[in-house]
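# Structure at a glance
Each chain is listed here by its residues.
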Amino acid sequence: MTLSSLLQPTAEIAQALADGKPVVALESTIITHGMPYPDNVATARQVEADIRERGAIPATIAVLDGKIRIGLDDADLERLAQATGVMKCSRADLALAVATGRPGATTVAATMMAARMAGIHVFATGGIGGVHKGAELSFDVSADLDELGRTPVCVVAAGAKALLDIPKTLEVLETRGVPVVAYGVDELPAFWSRKSGLAAPFRLDSAADIAGLLKTRSEMGDHGGVLIANPVPQADEIPQDEMGVFIDKAIEMATAQKVTGKGVTPFVLDAIYKLTAGRSLATNIALVRNNARLAADIAKALAA
Ligand code: PSU
Ligand code: MN
């Protein structure tokens, strides 16, 4: 397969893709808009190491100097993590960042687009965007959901954050034809918490079974994505009843300060980080690492 000239993979990743080796895509909005410096860059490096340790190759995706970079070296990661004014690129923004040469971090939606262009089938992140609470008035529904409906990439996340309206998020995913599969549990996990109070639509118990689902969908010519909901490890979770108070407060602050559009998710995440005195960040790091390990196992099972 010849890659689009808009993509710039590292030599290692270009070779791995040509050889059909397991590669796991990683997003960069979590670095620029999801975590404070220097935890953001430390986590990005740790997650890459976790994927390597499991026998797969990490590919962190971002826009730099007018190219969609597939894989970032250490200096690039540091530059991105410290930069201010990096565009948060979802589907609507990706081409704009490339065309204008502005630095851009990719959300779940834009990372899925780039992964598909590059031929990467598995992608690990923390949490996806979804239907926000109050969306019936604000119309705030993340482009991540549409992307999952249209782009054949397997996204491993820790379920939907309870700052979203989880039942409505599930409804939209069902409408878009996205299988939502909980890994090893019956209940849909809620990011910082293992439980959401909602049954997951599907459950699978091994990376091999997940790879089997992906292969079947691909054989059927199904062009949409799959969402794997992987619960945060027990030792790192913040239970839902504790988290709920902080989430409500953070949403209240966002509303009072009239935060809208792309600003909402980063604002609320930062407010929760401050309200929990950093505890939410430790949980966030643990769940991203957990997702990276599972994604590596799925990528290996697909490549086998
Ligand atoms: N959830 C997190 N951390 C993040 C994000 C979500 O816990 O960094 C980012 C992801 O990149 C996701 C994006 O794709 O926020 C969703 O933003 P929006 O709701 O504006 O679509
Ligand atoms: Mn939004």
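Residues numbered from 1 in each chain as written. Chains lettered and ligands numbered in written order. Predicted model: local features only at pLDDT ≥ 70, side-chain atom pairs only at ≥ 80, totals over all residues.

Turning our attention to the overall build of the protein chain. In terms of helices and strands, the protein chain carries 13 helices and 11 strands. The proportion of buried residues among the 304 residues of the protein chain is 52%. In the protein chain, once contacts between residues fewer than 6 apart in sequence are set aside, the share between residues at least 24 apart is 75%. (Helix = DSSP H or I, 4+ residues; strand = E, 2+ residues; numbered from the N terminus. Buried ≥ 20, exposed ≤ 12 C-beta atoms within 10 Å, placed from the backbone. Contact = placed C-beta atoms within 7 Å.)

Those residues of helix α8 (residues 143–150) that fall on the buried side of the exposure criterion are Asp 144, Leu 145, Glu 147 and Leu 148. Looking down the long axis of α8, one finds its buried residues gathered within 160 degrees of arc, a one-sided arrangement. The elements touched by buried residues of α8 are α5 (91–100), α6 (108–118), β8 (154–157), α9 (166–175) and β11 (226–229). (Arc of directions from axis to C-beta.)

Around ligand 1 sit 19 residues in total, of which Thr 29, Gly 34, Val 108, Gly 129 and Ser 142 are the nearest. Looking at the shell around ligand 1, the elements with two or more residues in it are α2 (29–34), α8 and α12 (264–275). With 4 residues, the single largest contributor to the shell around ligand 1 is α2. Classifying every residue of the shell around ligand 1 gives 5 nonpolar, 10 polar and 4 charged. (Near = placed C-beta within 6 Å. Nonpolar A, V, L, I, M, F, W, Y, C, P; charged D, E, K, R; others polar.)

On to the pairing of strand β4 (residues 67–70). Where strand β1 (residues 7–9) meets β4, 3 bridges bridge the pair, whose relative direction is parallel. Pairing of Pro 9 across the sheet is with Ile 70, part of β4. When strand β3 (residues 57–64) meets β4, the two strands line up antiparallel, connected through 4 bridges. Bridging from a neighbouring strand, Ile 61 pairs with Ile 70 of β4. (Pairing = 2+ DSSP bridges.)

Moving on, we come to the UniProt feature "active site" (unreviewed entry) in the protein chain. Those places that UniProt annotates as "active site" (unreviewed entry) correspond, in this numbering, to Glu 27 and Lys 161. Within the element layout of this structure, Glu 27 appears in the loop between β2 (23–26) and α2. For Glu 27, the contacting residues outside a window of four places in its chain are Ile 61, Thr 106, Thr 107, Val 108, Thr 111 and Thr 125. Mapped onto the elements, Lys 161 comes out in the loop between β8 and α9. Exposure remark for Lys 161: the 27 C-beta atoms within 10 Å place this residue in the buried category. Setting aside residues no more than four positions away along its own chain, Lys 161 makes contact with Gly 127, Ala 190 and Phe 191. (UniProt positions renumbered as here; feature names shortened; annotations may be inferred.)

It is worth spelling out the UniProt feature "binding site: substrate" (unreviewed entry) in the protein chain at this point. As annotated by UniProt and renumbered to match this structure, "binding site: substrate" (unreviewed entry) occupies Lys 88, Val 108, Ser 142, Ala 143 and Asp 144. The largest pairwise C-alpha distance within this set of annotated residues, which runs over 57 residues, is 12.9 Å, so the set is compact in three dimensions. Within the secondary structure, Val 108 is located in helix α6. Of note, Ser 142 is situated in the loop between α7 (135–138) and α8. Residue classification places Ser 142 among the buried residues on the basis of 25 C-beta atoms within 10 Å. With residues up to four places along the chain from it excluded, the contact list for Ser 142 reads Gly 129 and Gly 130.

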